[in-house]
Protein chains: 2
Amino acid sequence: MRYSQIFAKTSKTAPSDADCVNAKLLTQGGFVLKQMAGVYNYLPLGLRVLNKIQNIIREEMNALGANEILMPALTQAENYQITKRDNLDILFHLQGRDESELVLNQSHEEVVTPLAQKYAFSYRDLPMAVYQIQNKFRNEPRAKSGLLRGREFNMKDMYSFHANKKSLDEFYEKAVLAYFKIYERLGLGELTVKTYASGGSFSKYSHEFQTVHEVGEDTVYLCSKCRVAVNKEIYHEQNTCPECGAKDLEEKKAIEVGNIFKLGTRFSDVFGFRYADEHDKQQSVEMGCYGMGPSRVMGALAEIFHDERGLIWPQSVAPYQVHLLDLGADEEIKTQAEKLYQKLLADGVEALFDDRSVSAGAKLADADLIGCPTRVVISKKTLAQDSVEVKKRNEAEAKLVKTQELKF
Amino acid sequence: MRYSQIFAKTSKTAPSDADCVNAKLLTQGGFVLKQMAGVYNYLPLGLRVLNKIQNIIREEMNALGANEILMPALTQAENYQITKRDNLDILFHLQGRDESELVLNQSHEEVVTPLAQKYAFSYRDLPMAVYQIQNKFRNEPRAKSGLLRGREFNMKDMYSFHANKKSLDEFYEKAVLAYFKIYERLGLGELTVKTYASGGSFSKYSHEFQTVHEVGEDTVYLCSKCRVAVNKEIYHEQNTCPECGAKDLEEKKAIEVGNIFKLGTRFSDVFGFRYADEHDKQQSVEMGCYGMGPSRVMGALAEIFHDERGLIWPQSVAPYQVHLLDLGADEEIKTQAEKLYQKLLADGVEALFDDRSVSAGAKLADADLIGCPTRVVISKKTLAQDSVEVKKRNEAEAKLVKTQELKF
């Protein structure tokens, strides 16, 4: 992509109302623009990052054998009356012109449970799992923290349905592994731990995935042996590692990047979703739910991977792999840069080509702000040596590479 | 994909409340499930079709040089007060807990105009075009016709911004060609005509793209020479072909599958979106908007491409290219079918493998209902001749093909 053709440009100044690093850098880099508190526009570069995060999640959900579907945001309020969640503070209520009471889904248990019920009748239909990547709406009184807490935000939510607790437990453990694989691919692997949290009315524990980092808003107590932590909420009753029993848990700041719950029969029972077992006896369906917000993950990545000059995207989600700059107005520089850009395209390398007629300083500053993993510069100096200057965004030193030896 | 692993299955009976062919067949085929009037769940097969339609549209919008972005559904009502559209009947209103008045976007002029304003200041920034593929919300009193008229529905909306009318006109004509290319790829090329419609308060004409077919709800007057029609609304004042002047326009039924408008300065003026021209003088920005609903297109395809046994998807949007069936419980049939399925996967052919233990009749009926372009059957009879039976969904005759000669 030619940077001159991209609609949204970088900005030298931070938005005056940016209350956190991700809002500041993502806005300055031209990735997002705030519509209002907790509601963002995704601009061309930002949508690319969001799509890459979604696709990594999608691949791992598919590998689990889950089916991708797409449920609506708009739903009859009646479904929330059935589950007694129609008085949730965060639920947006609407009035249909046919006098119907409607809501915007803040999660999809009220939709997916009666949906699954239409297609599963027998033990032979279980287990099954479905997921979607879709926007949720939550009427937050104080949406803040950029992409971390939204009123409209992107979510992957998976739901699993089982004949018994054993089947749910087995799938739940597989989902934990899938989640770790996703964080690994997102560049968050080493930092992210499974965290025991309150199970609410559903079960003893639920689990959060917390990325341990000083910028985090959450507090967790980390077991150094187990890649496991305990959430602050339950630390008063669970102050040892739930897996190895270790007593020396360490207090750490962290960002929540996923959460999973065993729902048991909480939702299936109220919708009357039952199945016929091997003896044709009706049994309750056990459910699990598994959330991960691609937009929140994008915010977390920006919080963690940046320096004072801008973003430093992990390779797997970078908007482009290579940021190509031509420095200098020389015709020969333009020609060689164009040639290299065409070669990168032909080789299938995702390249952003800053072909604007602006100063070298502006181009270099923008490349740092946008944060593609590799910067390639063509200038009079590099051409004199039949070379380009290659610099990794996360390294200090640039090096000259012969143009014909350039590889990605 | 193994059909046994797909969550949503076909149904022998039509939904009791299906009011049209697309709702009936798409529900029976396991593509969608109605949540409530005008609101649908997309099941695994349906989401695949929707995604394929979206991707064809996306490729042609990108080829036009438009930038893909993603705007929110939730927006401050104030933006609609500015354009005096806050009293639109179809606008859903919501109340934020911070006392803010919110709406769900029914279209995005109120979001995209101030958004573009942030990034375009000078004639050098124009023309530019952005688009998104996103869900719209319209508070329809009587949503009906399955996917054709929704309260929540998927839309591609593109907006273009220009320094003058000439630039808008040029882009508008390119967009018309892009639209025709999309309908061509969707299998609707021959049937779809550019239709002159009322320009409302914006300009003399807007244009609809109408797919001429007896199932359509709209009436158009067709010029047989020009691939052009006139909408019923304006026929009383425009009863000749606006392009060649022909008088013998033919009354036809049609389904609307897209519409484009020249907005002029209607929205840019009220938001104060102006640009500096070559002489540094502030000028009004001319805008165009270009809508096409992937979910509506999916409904239209189902209305048009079916027979009494089920759907007949065009190759370009079929959920799978090949529907493989093994008929008979013989171990050798199972083995050979599995072998062929693995070969199709290895060859990159999108294959749906009906590996269930159900009757041959049920499998054949489901294949017709789901409507993949090519059905491949392995049975005792075909194996006896080292062959498979290949049948196109849109042809009557099946033929035997030697297994090793099978090609897609």
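It should be emphasised that the depicted structure is a prediction, and the values quoted were computed from it without experimental measurement. For every chain, the first residue of the written sequence is number 1, and numbering continues from 1 onward in sequence order. A letter from A marks each chain and a number from 1 marks each ligand, given out in the order of writing. In keeping with the model being predicted, local features are shown solely for residues with a pLDDT of at least 70 and side-chain atom pairs are shown and tallied solely at 80 or more, while totals for entire chains, interfaces and linings include all residues.

A.B. asks: Sorry if this is basic, but what is going on with the environment of C372 of chain B here?
C.D. replies: Residues and elements named next belong to chain B. Here C372 lies in the loop between α10 (360–370) and β21 (374–378). The spacing of C372 and E395 is 23 residues in sequence and 12 Å in space, taken between C-alpha atoms. Ignoring any residue separated from it by four or fewer positions in sequence, one finds C372 in contact with W313, A318, P319, Y320, Q321, V322, H323, L352 and R393. Counting from the N terminus, the helices are the DSSP runs of H or I reaching at least four residues and the strands are the DSSP runs of E reaching at least two. We call two residues in contact if the C-beta atoms placed from their backbones are at most 7 Å apart.

A.B. asks: Looking at this model, I keep getting lost on the relation of the copies chain A and chain B. Mind explaining?
C.D. replies: For the pair of chain copies, the relating operation is a rotation around an axis with a shift along it. Aligned on chain B, chain A shows an RMSD of 0.0 Å; the corresponding rotation is 180° and the shift along the axis is 0.0 Å. Within this description, the copies of the chain are treated as partners about a two-fold rotation axis. The C-alpha atom lying nearest the rotation axis in chain A is that of L94 of chain A; the distance is 3.0 Å. Comparing interface residues between copies, 100% of those in chain A also lie at the interface in chain B; the contact surface is shared. In superposing the copies, a least-squares fit is computed on C-alpha atoms, taking residues whose pLDDT is at least 70 in both.

A.B. asks: Would you explain helix α8 (residues 294–304) of chain B in this entry?
C.D. replies: Think of an α-helix as turning once every 3.6 residues; residues three or four places apart then point the same way. Taking burial as the measure, the 11 residues of α8 of chain B include 11 buried ones, the bulk of the element. Field definition: a residue is buried when 20 or more other C-beta atoms are found within 10 Å of its C-beta, exposed when 12 or fewer are, and partly exposed for counts in between, with C-beta atoms placed from the backbone. Every buried residue of α8 of chain B is listed here: P294, S295, R296, V297, M298, G299, A300, L301, A302, E303 and I304 of chain B.

A.B. asks: Explain the nonpolar core here, please?
C.D. replies: Most often, soluble globular proteins have nonpolar side chains that are buried together. The biggest cluster of nonpolar side chains holds 228 residues, and the ones touching the most others in it are V130 and L324 of chain A together with V130 and L324 of chain B. Residues contacting V130 of chain A, with those up to four places away along its chain left out, are A66, N67, I69, V112, M158 and Y159 of chain A together with F7 of chain B. Any set of buried Ala, Val, Leu, Ile, Met, Phe, Trp, Tyr and Cys residues joined through C-beta atoms within 7 Å is what this text calls a nonpolar core.

A.B. asks: Please explain the pairing of strand β2 (residues 39–42) of chain B as it appears in this structure.
C.D. replies: Residues in a regular strand point their side chains to alternate faces of the sheet. All names here are of chain B. On β2, burial covers both faces: V39 and N41 on one face and Y40 and Y42 on the other are all buried. The rule for pairing is simple: two strands pair if DSSP sees at least two bridges between them. Note: strand β1 (residues 32–36) against β2, 4 bridges, orientation antiparallel. Pairing of K34 across the sheet is with Y40, part of β2.

A.B. asks: Honestly, the domain arrangement of chain A in this entry has me stumped. Any pointers?
C.D. replies: By a widespread convention, an interface's size corresponds to the accessible area lost as its parts come together. Residue and element names in this part refer to chain A. The assigned domain composition of chain A is domain 1 (3–307) and domain 2 (322–405). As annotated, the domain borders come from an automatic or database domain assignment. Computed from C-alpha coordinates alone, the two centres of domain 1 and domain 2 are separated by 39 Å. Facing the 6 residues of domain 1 at the interface are 8 residues of domain 2. The residue makeup of the side of domain 1 that touches domain 2, split by class, is 2 nonpolar, 4 polar and no charged. Polarity classes work like this: nonpolar for Ala, Val, Leu, Ile, Met, Phe, Trp, Tyr, Cys and Pro, charged for Asp, Glu, Lys and Arg, and polar for all others, with Gly in that last group.

A.B. asks: I keep staring at the UniProt feature "domain: Aminoacyl-transfer RNA synthetases class-II family profile" (unreviewed entry) in chain A and nothing clicks. Help me out?
C.D. replies: UniProt positions are given in the numbering used here, feature names are shortened, and annotations may be inferred rather than shown by experiment. As annotated in UniProt, the feature "domain: Aminoacyl-transfer RNA synthetases class-II family profile" (unreviewed entry) corresponds to residues 38–314 of chain A in the numbering used here. Within the segment residues 38–314 of chain A, helix and strand shares are 27% and 34% respectively, and the terminal C-alpha atoms sit 25 Å apart.

A.B. asks: I tried to follow the interface of chain A and chain B on my own but got confused; where do I start?
C.D. replies: Opposite the 43 residues of chain A that make contact, chain B presents 43 residues. Broken down by secondary-structure element, the contributors of at least two residues to the side of chain A that touches chain B are β1 (32–36), β2 (39–42), α2 (44–63), β3 (67–68), β4 (74–76), β5 (92–95), α4 (109–117) and β7 (128–137) of chain A.

A.B. asks: Please explain the sheet that holds strand β20 (residues 351–354) of chain B as it appears in this structure.
C.D. replies: Sheet strands line up and pair through hydrogen bonds in the backbone, either parallel or antiparallel. Residue and element names in this part refer to chain B. Pairing in this open sheet of 5 strands is mixed, and the strands run β20-β19-β21-β22-β23 from one edge to the other. Sheet topology places β20 and β23 (398–402) at the edges, where each strand pairs with a single neighbour. Across this sheet, the average inter-strand angle for adjacent strands is 25°, counted without regard to direction. Strand direction decides the pairing type here: strand β19 (residues 322–326) and β21, joined by 5 bridges, are parallel. When the bridges of β21 are listed, L324 appears paired with V376. Comment: axis = line fitted to C-alpha atoms, over the contacting stretch for helices; angle = value between 0 and 180 degrees taken between N-to-C directions.

A.B. asks: I would appreciate a short explanation of the sheet that holds strand β4 (residues 74–76) of chain B in the present structure.
C.D. replies: All names here are of chain B. Pairing within the open sheet is antiparallel, and its 3 strands lie in the order β4-β6-β5. The open sheet has two edge strands with one neighbour each: β4 and β5 (92–95). On average, adjacent strands in this sheet sit at an angle of 40° to one another, irrespective of strand direction. Bridge count between β5 and strand β6 (residues 101–104): 4 bridges; the pairing is antiparallel. Paired with L94 across the two strands is L102, which belongs to β6.

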